[in-house]
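Coordinates in review
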Amino acid sequence: MRPRTLVALAALPLVALGLFVVLPVAGMVGRGFAPDGDLDVAGVLEVLGRPRVHRVLWFTVWSAGLATIGTVLAGLPVAFVLYRLRFRGRELLRAFVLMPFVMPTVVVGVAFRTLLVPSGPLGALQLDGTPTAIIAAMVFFNLAVVVRTVGSLWAGLDRRREEAAAALGASPLQVLRTVTLPALTPGIVSAASVVFLFCATSFGVVLTLGGLRYATVETEIYLLTTQLLDLQAAAALSLLQIVVVAALLYAAQRTRASREQPLDRAAERDATRRPRRRDLVVVAVTGLVLALVAAPLLTLVLRSLRVGSTWGLGHYRDLFTTGEGGALLVPVTTALANSWRVAVDATLLAMLLGVLVAVVVSRRPKARAERRALSVLDSVFMLPLGVSAVTIGFGFLVTLDRPPLDLRSSPVLVPIAQAMVALPLVVRTLVPVLRSVEPRQRQAAASLGASPVRVALTVDLPVVWRPLLAATGFAFAVSLGEFGATSFLSRPDRPTLPVVIYQLVSRPGETNFGMALAASVVLGLVTVAVMAAVERLRLGSVGAF
Amino acid sequence: MHARRALTTAPLTLSLAVCLAATAACSVGGGTTEQATGPDGATKTVVVATHDSWAMSKKVLRQFTAETGYTVKVEPNGDAGQLTNKLVLTQGSPIADMAYGIDNTFASRAVDEGVLADYSPADLPASASSYALPDTVEAQQLTPVDYGDVCVNVDDTWFAKHGVTPPKTLDDLTNPAYKGLFVTPGASSSSPGLAFLLATVAKYGDAWPTYWKKLMANDTLITSGWSDAYEVDFTAGGGGGDRPIVLSYASSPPFTIPKGASRPTTSALLDTCFRQVEYAGLLKGAKNPKGAQAFIDFMEQKSFQEALPDNMYVFPVDQDAALPTDWAKFAKVAPKPFTVPPADIAKNRDTWLREWSDVTTR
């Protein structure tokens, strides 16, 4: 494709990014830089010099870094078992892994703390209020990112190379180190950078589990903006966040680009095999990881079934109501329907933009300048994950409030904002796979007279359909679970499920709390059901091409 | 090559159009929230920016529509602090016609930043004046609607079972007999938490950091939000926590009446309370100032005032308004709550919060 075509393809996503991320952030940061209308750079620099800011930055980087490492280490065995081995119930487990990803942080925070308080089942570990608890929760939330991104790449990997290495006398570890891991590296780096961004910008988890003792850049921005109204300090921190994130993204992009290589594709459709005895260790590790993921979820389910001093489905029946004392404006079931509609819209939008971006940034132009331009572009579309949701949320209020773009009270903002959050996940799932397609295959097809569409259908699509479905599922899950930006933008009369869960949790009354737990369980189950359906769907659709 | 590019882009354009059409079809959309207008073209909708705790029965709101012809549309915006800050940030193009839920801890900020216009209902209930803001400019812009006391609550069942006398005062909480028994939401992340900090400021003056140091030395637990403290750590909160003393509201005890029983299992310590008064005010630049004024008037009437306890767990400023039975019995009001002048709060809040963070986080 010619540069001009690429620019044309990238135009729509760029405009969307500019309007719905860059403009709001610029609006808020601008206010911080010019509190009284005059530019005051010195004031912002003064904030960056505070010792507290350095402490906060350091905690953010190391906690998110450790959580990322933990997520990758826990996620790889799970990805192997769920995407390379064939056994009954695999689809269900794949769907289950995604459940934590959509759970509202407020509720999971409660579940974690119920386990960790001194009298709880894990009380003996004395983890309540420690950084370990925060990091464990981050791993819990983000495991799905590693499992699904790496898993969908792994699933398409030809097994014969590994078998050849083994036949030549390589031990299983050597095969893993010299053949498998190098092939997976782009996917791992992709997933790790997404996980890092999610961890570094999470504030619900840090506040709930750290009991205010630990501050990250994101929690500071949240408190400075919503409580202290210190826009100058918030702007300084937002800027710091963007710089750190941009540097990280650039480094990750370099690592990926240098490792990416065309891969041999599995000749047969299914590269999985039955488990063997030597898989025992990895299966055991996977079992342990899944059990740890299940523990907080189980706590939630149990507490949602506890009505007063008896067990029952009372809290689930209450979901058809507006809660004790009319806590909500609409019944929880209506919020679920809203969530569903919004998620469909957001997923379509995220996939449209995501495919465009992925197609553009996965090209390998010969000229250096073009390559560089693409890698910048690649990083730019990751930014929505690395920018504070609070800054974007308030930014919408102060920048999109007048014609021609008076969108402040428009219902389309919610799916748009969610799509911007899902976009990086879609791109990161698709790009490693698109890049691994041997370009000569495309050239060969084209020189044999295939039209570009035909090339895409016959060369790219067979490789990409799996990740495409994975990305669609991801986007849907992101949208169902998104709270940060949605809480700022959702219309009061059409709240999404996470928004009403938050409202229920913050109101007195056992019924409201029970409903919040029940609603979270429903949210998780709906996600699992959708993902399980997607897993089935993907098997049926392959034959069409 | 040109033909080829055309071929590449055509299907994309097409799919783009299809996607956009699909988006529009199943969307959120369809329903634009248009403002209802009356025959004279004047808008008939009153947009009210509130905090997330807003709740009001449909019956009462229908009564307002029947009386005045206006319909209320509610815009929840986080807690009292977030609400106020949003109003400040959107000054000039306000997100609503009026605000409800700005409390005495944020009133001065809202007034100082000039987001409100002067309006005070002509016939306020007689008892409302005792909740009015002390500053006359502020009192002209913010009308008191309701109040609630933030108090330390104790689990009486736990104390009876362990044969320990429950604490009574703020000083008691630093007593070693209650070591590791108290949990409170943090002042920097929760509005009841901030109210408790202000209670200690009112009680101990400049020496409040010393009190907090003692509190922390007595193994007080700080959580990020009220629900976390009450539902996870409080022994009577349903989570089966470990701490029988929690910071909550004077109105919390009636919620702990067990099924079939007639008495709550918890009580509020009335000597530890900080009073939060919530106000309504007309926003500067409101699209429908007349409607907003009508609703502020309505909020002071009996039907609205009497619906407050059941819907928002707060006490009406009108002392003649009838309370629900459980409330009349078990939700006591502090006889002498702690207070800090709103102007002092506005001036010192940031300093206090920074100092508080230093003392509590170490």
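Quick notes on the rules
Residues numbered from 1 in each chain as written. Chains lettered and ligands numbered in written order. Predicted model: local features only at pLDDT ≥ 70, side-chain atom pairs only at ≥ 80, totals over all residues. Helix = DSSP H or I, 4+ residues; strand = E, 2+ residues; numbered from the N terminus. Buried ≥ 20, exposed ≤ 12 C-beta atoms within 10 Å, placed from the backbone. Contact = placed C-beta atoms within 7 Å. Core = buried A, V, L, I, M, F, W, Y, C linked by C-beta atoms within 7 Å. Expected span 1.5 Å × (residues − 1). Axes fitted to C-alpha atoms, helices over the stretch in contact; angles between N-to-C directions. Parallel < 35°, antiparallel > 145°, perpendicular 65-115°, else oblique. Left-handed = near helix turned anticlockwise from the far one by under 90°. Nonpolar A, V, L, I, M, F, W, Y, C, P; charged D, E, K, R; others polar. Pairing = 2+ DSSP bridges. Right-handed = clockwise from strand over helix to strand, strands pointing away. pLDDT = per-residue confidence, 0-100.

1. Details of the overall build of chain B
On a plain count of helices and strands, chain B comes out with 13 helices and ten strands. Residue burial in chain B is summarised as follows: out of 362 residues, 51% are buried.

2. Some thoughts on the overall build of chain A
On a plain count of helices and strands, chain A comes out with 24 helices and four strands. With the C-alpha coordinates of chain A rotated into their principal frame, the extents come out at 65 × 60 × 45 Å. Counting across all 545 residues of chain A, residues that qualify as buried make up 54%. In chain A, of all internal contacts separated by at least 6 residues, the share reaching a separation of at least 24 is 83%.

3. Quick look at the nonpolar core
Grouped together as the largest cluster of nonpolar side chains are 274 residues, with contacts concentrated most on Val-107, Ala-137, Ala-422, Val-426 and Ala-475 of chain A together with Met-98 and Phe-295 of chain B. By residue number, the principal contributor to this core is helix H15 (residues 332–361) of chain A, which donates 18 residues. With sequence-adjacent residues up to four places away left out, Met-98 of chain B is seen in contact with Val-46, Val-48, Ala-280, Gly-281, Leu-282, Leu-283, Ala-286, Ala-292, Phe-295 and Ile-296 of chain B.

4. Some words on helix H6 (residues 105–116) of chain A
Residues and elements named next belong to chain A. Its twelve residues place the ends of H6 16 Å apart at the C-alpha level, agreeing with the 16 Å of an ideal helix rising 1.5 Å per residue. Burial of H6 is extensive: eleven of the twelve residues sit out of reach of the surface. Within the sequence span of H6, burial applies to Thr-105, Val-106, Val-107, Val-108, Gly-109, Val-110, Ala-111, Phe-112, Arg-113, Thr-114 and Leu-116.

5. Let's talk about the packing of H15 of chain A against helix H19 (residues 413–435) of chain A
Residue and element names in this part refer to chain A. Put simply, H15 and H19 touch, their axes get as near as 7 Å, and they point 40° apart. Accordingly, the angle class assigned to the pair H15 and H19 is oblique. The way H15 lies across H19 gives a crossing that is right-handed. Taken together, the residues of H19 that come into contact with H15 (itself represented by Val-342, Asp-345, Ala-346, Leu-349, Ala-350, Met-351, Leu-353, Gly-354, Val-355, Val-357, Ala-358 and Val-361) are Val-414, Pro-415, Ile-416, Gln-418, Ala-419, Ala-422, Leu-423, Val-426, Val-427, Leu-430, Val-431 and Leu-434. Grouping the constituent residues of the contact of H15 with H19 by class yields 21 nonpolar, two polar and one charged.

6. Things to note about the interface of chain A and chain B
Between chain A and chain B, the contact holds 57 residues from the first and 60 residues from the second. Considering each element in turn, the side of chain A that touches chain B owes the most residues, seven residues, to H15 of chain A. The class makeup of the residues in the side of chain A that touches chain B is 30 nonpolar, 16 polar and eleven charged.

7. Side note on the pairing of strand E2 (residues 71–76) of chain B
Residues and elements named next belong to chain B. Sheet topology places strand E1 (residues 45–50) next to E2; six bridges connect them, and they run parallel. Each residue of the ladder has a partner; that of Ala-49, found in E2, is Glu-75. In terms of handedness, the path from E1 via helix H2 (residues 58–68) over to E2 forms a crossover that is right-handed.

8. Concerning unusual backbone geometry
Look at Gln-126 of chain A: it is not a glycine, yet its phi comes out positive at around 55°. Mapped onto the fold, Gln-126 of chain A is located in the loop between H6 and helix H7 (131–155). Here Gln-126 of chain A falls in the exposed class, since 12 other C-beta atoms lie within 10 Å of it. For Tyr-313 of chain B, which is not glycine, the phi dihedral falls at a positive 60°. Along the polypeptide, Tyr-313 of chain B turns up in the loop between helix H11 (302–312) and strand E10 (315–316).

9. Overview of the confidence of the model for chain A
Looking at chain A as a whole, the pLDDT averages 85, with 95% of positions reaching at least 70. Segment residues 539–545 of chain A: pLDDT under 50, and six contacts once partners within four positions in sequence are set aside and those in other chains are kept.

10. Some words on the packing of helix H7 (residues 191–204) of chain B against helix H8 (residues 208–217) of chain B
Each pair of packed helices can be summarised by the angle the axes make with each other and by the distance between the axes. Residues and elements named next belong to chain B. Two numbers describe how H7 lies on H8: the axes approach to 8 Å, and their chain directions differ by 120°. Between H7 and H8, the crossing angle belongs to the class labelled oblique. Note on packing geometry: the crossing formed by H7 with H8 is right-handed. Across the interface between the two elements, Thr-200, Val-201 and Tyr-204 from H7 touch Trp-208, Tyr-211 and Trp-212 from H8. Taken together, the residues that form the contact of H7 with H8 break down as five nonpolar, one polar and no charged.

11. Describing the pairing of E1 of chain B
Residues and elements named next belong to chain B. In terms of residue burial, E1 counts as a mostly covered element, since five of its six residues are buried. Two elements, E1 and strand E3 (residues 98–103), share two bridges in a ladder whose sense is parallel. Across the sheet, the residue bridging to Ala-49 is Ala-99, located in E3.

12. Some thoughts on the environment of Leu-469 of chain A
Of note, Leu-469 of chain A is situated in helix H21 (residues 452–481). Note on Leu-469 of chain A: 18 C-beta atoms within 10 Å, which makes it partly exposed.

13. Side note on the confidence of the model for chain B
All names here are of chain B. For chain B, the mean per-residue pLDDT works out to 85, and 88% of the residues sit at or above 70. Counted against residues more than four places away or in other chains, residues 1–36, with its pLDDT under 50, gives 42 contacts. Reported for the predicted complex are a pTM of 0.83 and an ipTM of 0.74.

14. Overview of the environment of Leu-19 of chain A
By the secondary structure assignment, Leu-19 of chain A is in helix H1 (residues 3–33). With 377 residues separating them in the primary sequence, Leu-19 of chain A and Phe-396 of chain A have C-alpha atoms 9.6 Å apart.

15. Quick notes on the environment of Val-189 of chain A
Residues and elements named next belong to chain A. Residue placement: Val-189 occurs in helix H9 (residues 172–200). Its 23 C-beta neighbours within 10 Å are what place Val-189 among the buried residues. Along the backbone, Val-189 and Ala-165 are 24 residues apart, and their C-alpha atoms lie at a distance of 24 Å. Beyond its immediate stretch of four places on either side in the chain, Val-189 contacts Ala-252, Thr-255 and Arg-256.

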